[in-house]
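Breakdown of the fold
Okay, here's what each chain looks like letter by letter:
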Amino acid sequence: MRNLNEQTVTQAVVNLLSGTPDPRLKFVLTSLITHLHNFARDVKLTEKELLAGISFLTATGQKCDDKRQEFILLSDVLGLSMLTVAMNNEKPEGCTESTVFGPFHVEGAPVYENGADIANGAVGEPCLVRGTVKDRNGAPIAGAVLEVWQADAAGNYDVQYPDLETHQARGVLTSQDDGSFEFRTVVAVAYPIPVDGPVGDLLRATERHPWRPAHLHFMIKAKNYETLVTHVFRNGDRYLDSDAVFGVRQTLVADWIKQPDGGYTLTYDFVLNPVG
Ligand code: BEZ
Ligand code: FE
């Protein structure tokens, strides 16, 4: 392995993977190295650009902690998250579609009774959310666990407030015997994804806006069904056609209906896909 040139170096690296015991890892790494080298050849990558790229990825890692997931954000704004979701979540007609997970889910959200107020002090206009969890034949799924999380009226998730010691506008509920669920919260608003890190620099350098249309996040788990990670998006939002992370699907858009006595209601029915 001497005198490698811009063509032969790729095969030399790939050859070193021959002893990788895990066949999937070997396959993925071979493809990654081949594409990475082809990319460098394609753009005729300069040494300065390679260093700039390494600095960018270093800064992205340094921005991460237990509450800030800058690498997820990077994958999101590059469309890689949505591409992976789309490839891995093809479902039969009628099932609720999946979308990006995002960086603001946290483990250990408070568990609530059906009908509870999950806002827990979050600022915003009141909103009643209700719906059902069913299978493709319309049969109710009882005991489905719904994790919900959303931003407040200021466009922030609870984890974005450094001094907040409770959870707000997030919670875990369970569907009833008839598959129904109901909770109170605040109205979701459009918000910008965090731009105070390297991902923000990237958006500014490419003159892209950071906004996501208003949405509620759901992760729904039920025995014998595939876990559903999705959002419900607010109809009429100005960013539905330019979501910074490419997550909008028409079937996930719903109306937040203003009630005469103030507040809003949102009704959305989820349909889960059986495992296998
Ligand atoms: C979110 O909806 O919480 C989100 C998704 C992707 C990037 C940033 C935020
Ligand atoms: Fe979100």
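Scoring rules and cut-offs
- Residues numbered from 1 in each chain as written.
- Chains lettered and ligands numbered in written order.
- Predicted model: local features only at pLDDT ≥ 70, side-chain atom pairs only at ≥ 80, totals over all residues.
- Heavy atoms only, no water.
- UniProt positions renumbered as here; feature names shortened; annotations may be inferred.
- Helix = DSSP H or I, 4+ residues; strand = E, 2+ residues; numbered from the N terminus.
- Contact = heavy atoms within 4.5 Å.
- Areas by Shrake-Rupley, 256 points an atom, 1.4 Å probe, with all protein chains shown as cover.
- Lys, Arg positive; Asp, Glu negative; His and termini not counted.
- Charge placed at Lys NZ, Arg CZ, Asp CG, Glu CD.
- Domains from an automatic or database assignment.
- Donors = N, O, S within 2.8 Å, 3.2 Å for Na, K, Ca; no water.
- Tetrahedral: all angles 85-135°; square planar, octahedral: opposite > 155°, others 65-115°.
- 1 Å grid on protein atoms, 1.4 Å probe; cavity = no way out; pocket = protein on both sides within 12 Å on 5 of 7 lines; lining within 4 Å.
- Points joined across faces, edges and corners; volume = space filled by probe spheres on them.
- Nonpolar A, V, L, I, M, F, W, Y, C, P; charged D, E, K, R; others polar.
- Core = buried A, V, L, I, M, F, W, Y, C linked by side-chain atoms within 4.5 Å.
- Buried < 20%, exposed > 50% of the residue type's maximum accessible area, 1.4 Å probe, protein only.
- Near = heavy atom within 4 Å.

The name an unreviewed UniProt entry assigns to the protein is Hydroxyquinol 1,2-dioxygenase, from the organism Paraburkholderia ginsengiterrae. The UniProt entry for the protein carries the following comment under Sequence similarities (unreviewed entry): "Belongs to the intradiol ring-cleavage dioxygenase family." UniProt annotates the protein under Cofactor (unreviewed entry) with the comment "Fe(3+)".

So, on to the overall build of the protein. Scanning the protein for helices and strands turns up 6 helices and 11 strands. Projected onto its principal axes, the C-alpha positions of the protein cover 75 × 40 × 35 Å. Here the contacts in the protein between residues at least 6 apart in sequence split such that 71% fall between residues at least 24 apart. Surface accessibility of the protein: about 15400 Å² in total, with carbon and sulfur atoms responsible for 54%. Averaging the positions of the 24 positive and the 35 negative side-chain charges in the protein gives two centres separated by 5 Å.

To continue, consider the domain arrangement of the protein. A common way to state how big an interface is: give the accessible area lost once the parts meet. For the protein, the assigned domains read domain 1 (9–45) and domain 2 (70–271). Taking the mean C-alpha position of each, domain 1 and domain 2 sit 37 Å from one another.

The next point concerns the coordination of the iron ion (ligand 2). Tyr157 (OH), Tyr191 (OH), His215 (NE2) and His217 (NE2) make up the full set of protein donors to the iron ion (ligand 2), lying at 1.9 to 2.1 Å. In this structure, the iron ion (ligand 2) is surrounded by 6 donor atoms whose angles at the metal cover 55 to 164°, and the resulting shape is irregular.

Applying the stated criterion across every chain yields a total of 4 cavities of 30 Å³ or more. Here the residues of the lining of the largest cavity are counted per class, giving 8 nonpolar, 3 polar and 2 charged.

A separate point is the nonpolar core. If you look at soluble globular proteins, the nonpolar side chains tend to sit buried side by side. Residues Phe183, Phe218, Ile220 and Trp256 are the most contacted members of the largest nonpolar core, which totals 34 residues. At the level of secondary structure, the elements contributing two or more residues to this core comprise strand S1 (126–134), strand S2 (145–149), strand S4 (180–186), strand S7 (215–221), strand S8 (228–234), strand S9 (253–254) and strand S11 (264–271). Among the elements that take part in this core, S11 stands out by supplying 4 residues, more than any other. Every residue in contact with isoleucine 220, bar those within four places of it in the chain, is listed here: Val133, Ala144, Val145, Leu146, Glu226, Thr227, Leu228, Phe270 and Leu272.

The next point concerns the site of ligand 1. In the neighbourhood of ligand 1, 13 residues make up the surrounding shell, with Asp76, Tyr191, Arg212, His215 and His217 lying closest. Computed on the free molecule, ligand 1 has an accessible area of 260 Å², of which 100% lies beneath the protein chains in the complex. Of all the secondary structure elements, the ones that give two or more residues to the shell around ligand 1 are helix H4 (70–77) and S7. For the shell around ligand 1, the per-class residue count stands at 7 nonpolar, 4 polar and 2 charged.

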